[in-house]
Amino acid sequence: MSAPSAPQQVGLIRRFTNAGATTFAVAAAILVLVPLLAIFAYLVIKGIGSVNWAFLTQTPKPPGEVGGGMANAIVGTGIILAVASVIGVPLGIGSGIYLAEYGRNRFGDLVRFTADVLNGVPSIVIGIAAYSLVVVPQKHFSAFSGGVALGIMMIPTVARATEEMLLMVPNVIREAAYGLGIPKWRTTLSISLRTASAGVITGCMLAFARVAGETAPLLFTAFGNQFWNLKLNQPTAALSLQVFTYAISPYDDWHKQAWAGALILIVLIVGAVAAVRITTSRGMLKGGS
Amino acid sequence: MGVGIEVRGLNAWYGKNQSLNSIDMTVAANHVTAVIGPSGCGKSTYVRCLNRMHETIPEARAEGSVKVGEMDVYGSGSDPVEVRRRIGMVFQKPNPFPTMSIYDNVAAGLKLNGFRNRKQMDELVERSLKLAALWEEVKDSLHKKSGASLSGGQQQRLCIARALAVEPEVLLMDEPASALDPISTSKIEELIFQLKQHYTVVIVTHNMQQAARVAEFTGFFLMGSLIEYDKTEKIFTTPADKRTEDYITGRFG
Amino acid sequence: MSDSVDPMNPTEPLGQLPKPATAIPSMAQVSKERKTAASTVLQKIRTSHPRASRIPDSVFAVIILLSAISVFAIVVLVAWELIDKSRLSLHQFGIGFFYGHDWDPVAGSFGAMPFIYGTLVSSFLALLMAVPLSIGVAVYVTEMCPQRLRAIISFLVELLAAIPSVIYGLWGIFVLAPLLREYVEPFLARTLGWTGLFTGPMYGLGMLAAGIIMAIMVVPVIASITREVMTAVPQNQREAVLALGATRWEMIRMGVLRNARIGIVGGVILGLGRALGETMAVTMVIGNRPEIAKSLFAPGYTMASVIANEFTEATGDLYLSALVEIGLALFIVTLIVNALARLLVWSITGGTARVRA
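### Side note on the overall build of chain B
For step 1, the next point in the chain: Along chain B, the regular secondary structure elements total ten helices and ten strands.
For step 2, the next point in the chain: Across the 253 residues in chain B, those meeting the buried criterion constitute 66%.
For step 3, the next point in the chain: When contacts within chain B are restricted to residue pairs at least 6 apart in sequence, long-range pairs at least 24 apart make up 68% of them.
For step 4, the next point in the chain: Per element, the accessible surface of chain B, about 8,800 Å² overall, is 48% carbon and sulfur.

So, in structure tokens, the structure goes:
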């Protein structure tokens, strides 16, 4: 036992550092989750009291008056998101297919890179672009221009999700289809994309959820509206815009409505994601891998 | 009915590496021909050239003449998709379409080739599954179970049924039993023996006993060249080439 | 093609074949079934259009290529619109636009310095808080927490990213700001007031509130990237360090964090990109006053907020053009930041370009 050797026991300082680091990591995890729980708690506590029939069916009252609701904003958000999905989902899936099935080259790398760049462009900048591309030529704010802005924002998320999911489809599956004499386009759509569908749909929903609450790009595209509007070429209210306007207003009743609107918005986002999760998992065949 | 295959001067490359050197081979109709050789000898590449699967790999290409029946596989007017429709292929690892039911897996080739008649499709699916000796095991759960839920051996027979459903004239099998247990392997071998009544079968295998059991003809590949090609009995008893003898007696690879 | 002997005269195979299983239909039966109507239809499909598949295949390839080009085109178009619409301001002010302190739309003088300052300070503040927290969460999730908690915590952290910015802002105005005003800011003023960073009237709303709100929003970005690159570190690196007799923290520090550091830096830069462009939440809590103040209690203004607040009210072409120029600057900066981050992250995870060989 007297031969010189490495220390037999882990030193006190090393143990102390280890314990300290562990404590810090645990504390960080807790500290990050506290705001999340706080935000959800406040949304429910402050919002639920103001969600009533009038809130869901009426349009806003003039400033300072008590009552009214956000019916037009809920519908407006629906319209804008529909336009956004019509633009963003096909283009996103299309470019995702390109990246996965054709994009093993310089141009593919360029598109992949641009998609990532587009993903990082601040939403307010996309708003400016949609303003000058759609609002200025049309000469007025519109639901359509808001949809364009949000649609553009959906593309990179959908594209990268589609690419990733398609790359996860084993090549042997494609070979099986080619081996049956199925052309490439058919193989891609009916075999590869179908195999990857659950992931692609999840990606689309994430993109959808991400833009559903977007406000900045709508400020000068959809613009907001105190009244009903179902036309694509007219200024339209949106939940997120309404929450913003009410939150920075000086009226107590509007503050309450802002919380209610925020609650509806988050329920919409979480609900949309959950709904798709459930339907895709139910539609899947049992025993599938 | 099966048709014969005539291969003349077939060369194949992966990028700049040549993986097949002017192969000549005549495959008899309605017989089983085995292709053996050590790993990397080009035997898989060879069968993948027969139905133009080789070129689906980026930077891979093939040149030469392959005639399957009257069809000129590498002719100027030939369409790879059409070629693959007429030459079925079974892969090393079972690869059923994971999101499709058993029925849909077998019917996939038919549906995607524009086949619509439901009643006839039912017939073809049943016939293909019977030919693949899988019918009895799955007939009660055709639509309920996914192809991926079957056992490995069942999956491979499902893949065979899927290939047979589009009524190919030739069936290529690239080490179809290498990922399977012995019982499943023997089932697949029985099946191959039955299938030659209707199809020309070319099977790649690294298992010499398997070649001896199922094939009437055997070709031995080494480093991208066809060294010897003869009746299976001849190859395994009195090979003409020293290298063949070394291989079958286990002196290398 | 019956059992008659072939011209090449094959012999019997060597091995003994087991008897066919009963499941295999008799050949007579199968032969009969081969002559189904379906087969005839199939023959027709098979021989009808020998080259038909090429046209749809190339049409499909073109459609797909077009949608890929659209992604590229959109970015180019966005850049072009920003340059085009800010031309007036670019000509009028030149480079001085970015260090001018004066933002007075009525007098027609526009300097973006207060906004640049506000953006940089609030983003820096956010990173200062978010980086250690994110790395802590990522370390906890990948290396420490029980398997069952792992998925739950990751999900909750990602959920933070799903909350809309405007809801963070709402929460910031009505929950965070009062909390800061009543408790946090008085405490900071007492203890750290001597630094000069925590002095002056306490509004609650201001630079500090903006930094905190943004920190919460940036955590999921940095944490998820960090988790990703940490997971990409091979297990044998961990084992090698543990085998030397390291404690868990030493293993994480030497075996994991050191290997993942470039990727983590990439994640931090990505978080910076997100913070720089963040608009609504910041606009709602920062106070919106174009001033450069040392104290973090004081209100400030950011590039994104000034666009959000003043774009629709901008009267006159020069005013609008100046706002677009701020947008252009924001676009260029986030472009560079994101490009940098992507390159770093890709260098670790290998991108997706090499996933399928």
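### Structural notes on the overall build of chain A
For step 1, the next point in the chain: The secondary structure content of chain A amounts to eleven helices and zero strands.
For step 2, the next point in the chain: Along chain A, helices and strands appear, N-terminal first, in the series α-α-α-α-α-α-α-α-α-α-α.
For step 3, the next point in the chain: Contacts in chain A between residues at least 24 apart in sequence constitute 75% of all its contacts with a sequence separation of at least 6.
For step 4, the next point in the chain: Summed over its atoms, the accessible surface of chain A is roughly 12,200 Å², and 69% of this surface lies on carbon and sulfur atoms.

### Topic: the packing of aromatic side chains
For step 1, the next point in the chain: Scanning the model with the defined rule gives 23 aromatic pairs over all chains in all.
For step 2, the next point in the chain: Ring geometry for Phe93(C) and Phe110(C): centres 6.1 Å apart, planes at 75°, overall edge-to-face. Of this pair, Phe93(C) sits in helix 4 (residues 87-93) while Phe110(C) sits in strand 2 (residues 109-110), and the two are 17 residues apart along the sequence.
For step 3, the next point in the chain: Put simply, the rings of Phe93(C), Phe97(C), Phe98(C), Trp103(C), Phe110(C), Phe115(C), Tyr301(C) and Tyr319(C) pair up and form one aromatic cluster.
For step 4, the next point in the chain: Above the ring of Trp13(B), the side-chain terminus of Arg61(B) is found at 4.2 Å from the ring centroid.
For step 5, the next point in the chain: Taking the ring centre of Phe97(B) as reference, the NZ or CZ of Arg162(B) above it sits at 4.5 Å.

### Structural notes on the environment of Ile48(A)
Residues and elements named next belong to chain A.
For step 1, the next point in the chain: Mapped onto the fold, Ile 48 is located in helix 1 (residues 12-48).
For step 2, the next point in the chain: Residues Ile 48 and Ala 260, 212 residues apart in the sequence, show an inter-C-alpha distance of 6.3 Å.
For step 3, the next point in the chain: For Ile 48, the contacting residues outside a window of four places in its chain are Leu 43 and Leu 263.

### Brief notes about the interface of chain A and chain C
For step 1, the next point in the chain: Between chain A and chain C, the contact holds 81 residues from the first and 74 residues from the second.
For step 2, the next point in the chain: With both chains or domains summed, chain A and chain C bury close to 7,100 Å², and 81% of this area falls on carbon and sulfur atoms.
For step 3, the next point in the chain: For chain A, the biggest contributors to the area lost against chain C are Val32(A), Ile39(A) and Ile128(A); these three give 8% of the whole.
For step 4, the next point in the chain: Where chain A packs against chain C, one counts one salt bridge.
For step 5, the next point in the chain: Residue Arg14(A) pairs with Glu250(C) through a salt bridge whose shortest N-O separation is 2.6 Å.
For step 6, the next point in the chain: Linking chain A with chain C are six residue pairs in polar contact (both at pLDDT 80 or more), by the criterion used here.
For step 7, the next point in the chain: At 20 residues, helix 1 of chain A tops the list of elements feeding residues into the side of chain A that touches chain C.
For step 8, the next point in the chain: Looking at side-chain class alone, the side of chain A that touches chain C contains 58 nonpolar, 14 polar and nine charged residues.

### Regarding the pattern of salt bridges
For step 1, the next point in the chain: Scanning the entire structure with this criterion turns up 31 salt bridges over all chains.
For step 2, the next point in the chain: Residue Glu189(B) is joined to Arg213(B) by a salt bridge in which the shortest nitrogen-to-oxygen separation is 2.5 Å. Separated by 24 residues along the polypeptide, Glu189(B) in helix 7 (residues 182-195) and Arg213(B) in helix 8 (residues 208-214) bring together distant segments of the chain.
For step 3, the next point in the chain: The partner of Glu182(C) in a salt bridge is Arg181(C), with the nearest N and O atoms 3.6 Å apart.

### Structural notes on unusual backbone geometry
Residue and element names in this part refer to chain B.
For step 1, the next point in the chain: We note that Ala 133 has phi near 60°; this positive angle belongs to a residue other than glycine.
For step 2, the next point in the chain: The backbone phi angle of Glu 175 is positive, close to 45°, even though this residue is not glycine.
For step 3, the next point in the chain: As for its placement among the helices and strands, Glu 175 is situated in the loop between strand 7 (170-174) and helix 7.

### A short note on helix 5 (residues 113-144) of chain C
Residue and element names in this part refer to chain C.
For step 1, the next point in the chain: Between its first and last C-alpha atoms helix 5 spans 45 Å; for 32 residues at 1.5 Å apiece the expected length is 46 Å, and the two agree.
For step 2, the next point in the chain: Its axis deflected by about 30° at Ala 130, helix 5 carries its strongest bend there, up to four residues before the proline Pro 132.
For step 3, the next point in the chain: Extensive coverage of helix 5 is indicated by the burial of 23 of its 32 residues.

### Overview of the packing of helix 6 (residues 152-165) of chain B against helix 7 of chain B
All names here are of chain B.
For step 1, the next point in the chain: It is the contact of helix 6 with helix 7, at a shortest axis distance of 9 Å, that shows an interaxial angle of 20°. The orientation of helix 6 relative to helix 7 falls into the category roughly parallel. When you trace helix 6 past helix 7, the crossing you get is right-handed. Of the residues in helix 7, those in contact with Gly 153, Gln 156, Arg 157, Ile 160 and Leu 164 of helix 6 are Ser 184, Lys 187, Ile 188, Leu 191 and Leu 195.
For step 2, the next point in the chain: Class assignment of the residues belonging to the contact of helix 6 with helix 7 gives a composition of five nonpolar, three polar and two charged.

### As for the pairing of strand 10 (residues 225-231) of chain B
Looking down a regular strand, the side chains alternate between one sheet face and the other.
Residues and elements named next belong to chain B.
For step 1, the next point in the chain: In terms of strand pairing, strand 9 (residues 217-222) meets strand 10 through six bridges, oriented antiparallel. Residue pairing in the sheet places Gly 219 in a bridge with Tyr 229 of strand 10.
For step 2, the next point in the chain: Connecting the antiparallel pair strand 9 and strand 10 is a turn made up of two residues, with Met 223 showing a positive phi of about 45°.

### Structural notes on the environment of Phe174(C)
For step 1, the next point in the chain: Within the secondary structure, Phe174(C) is located in helix 7 (residues 165-192).
For step 2, the next point in the chain: Distance in space between the C-alpha atoms of Phe174(C) and Val285(C) is 9.7 Å, their sequence separation being 111 residues.
For step 3, the next point in the chain: In this view, Phe174(C) contacts Ala247(A), His255(A) and Trp259(A); residues no more than four positions away in its chain are not counted.

### Structural notes on the sheet that holds strand 2 (residues 17-27) of chain B
Residues and elements named next belong to chain B.
For step 1, the next point in the chain: Pairing is antiparallel across the open sheet formed by four strands, whose spatial order is 2-1-4-5. Two strands lie at the open edges of the sheet, namely strand 2 and strand 5 (71-72), each paired on one side alone.
For step 2, the next point in the chain: Summarising the sheet, strand 4 (residues 60-68) and strand 5 pair through two bridges and their orientation is antiparallel. Note that in strand 5 the partner of Val 68 across the bridge is Met 71.

### Notes on the side chain of Thr236(A)
Residue and element names in this part refer to chain A.
For step 1, the next point in the chain: On the secondary structure map, Thr 236 appears in the loop between helix 9 (197-212) and helix 10 (239-247).
For step 2, the next point in the chain: Overall, the relative accessible area of 1% leaves Thr 236 in the buried class.
For step 3, the next point in the chain: Separated by 2.8 Å, the side chains of Thr 236 and Asn 229 make a polar contact.
For step 4, the next point in the chain: Once residues lying within four places of it in the same chain are set aside, the contact partners of Thr 236 are Gly 76, Ala 143, Ala 222, Phe 223, Gly 224, Asn 225, Asn 229, Lys 231 and Leu 241.

### Some remarks on the pairing of strand 8 (residues 200-204) of chain B
Residue and element names in this part refer to chain B.
For step 1, the next point in the chain: Here strand 8 lies mainly inside the structure; five of its five residues are buried.
For step 2, the next point in the chain: Across the two faces of strand 8 the burial is the same, with Thr 200, Val 202 and Val 204 and Val 201 and Ile 203 all buried.
For step 3, the next point in the chain: With four bridges connecting them, strand 3 (residues 32-36) and strand 8 associate as parallel partners. Of the residues in strand 8, the one forming a bridge with Ala 34 is Ile 203.
For step 4, the next point in the chain: Handedness of the β-α-β unit built from strand 7, helix 7 and strand 8 comes out right-handed.

### Let's talk about the confidence of the model for chain A
For step 1, the next point in the chain: Residues of chain A with pLDDT of at least 70 account for 92%, and the chain-wide mean is 88.
For step 2, the next point in the chain: Taken as a whole, residues 283-289 of chain A scores under 50 in pLDDT and shows 15 contacts with residues more than four places along the chain or in a different chain.

Thresholds, definitions, all that
- Residues numbered from 1 in each chain as written.
- Chains lettered and ligands numbered in written order.
- Predicted model: local features only at pLDDT ≥ 70, side-chain atom pairs only at ≥ 80, totals over all residues.
- Heavy atoms only, no water.
- Helix = DSSP H or I, 4+ residues; strand = E, 2+ residues; numbered from the N terminus.
- Buried < 20%, exposed > 50% of the residue type's maximum accessible area, 1.4 Å probe, protein only.
- Contact = heavy atoms within 4.5 Å.
- Areas by Shrake-Rupley, 256 points an atom, 1.4 Å probe, with all protein chains shown as cover.
- Phe/Tyr/Trp six-rings, centres within 6.5 Å; stacked < 30°, edge-to-face > 60°.
- Lys NZ or Arg CZ within 6 Å of the ring centre and 35° of its normal.
- Buried area = accessible area lost by both parts, 1.4 Å probe.
- Salt bridge = Lys/Arg side-chain N within 4 Å of Asp/Glu carboxyl O.
- Polar contact = N/O pair within 3.5 Å; in protein donor to acceptor, adjacent residues only side chain to side chain.
- Nonpolar A, V, L, I, M, F, W, Y, C, P; charged D, E, K, R; others polar.
- Expected span 1.5 Å × (residues − 1).
- Bend = angle between axes of the 7 residues up to and from the residue.
- Axes fitted to C-alpha atoms, helices over the stretch in contact; angles between N-to-C directions.
- Parallel < 35°, antiparallel > 145°, perpendicular 65-115°, else oblique.
- Left-handed = near helix turned anticlockwise from the far one by under 90°.
- Pairing = 2+ DSSP bridges.
- Right-handed = clockwise from strand over helix to strand, strands pointing away.
- pLDDT = per-residue confidence, 0-100.

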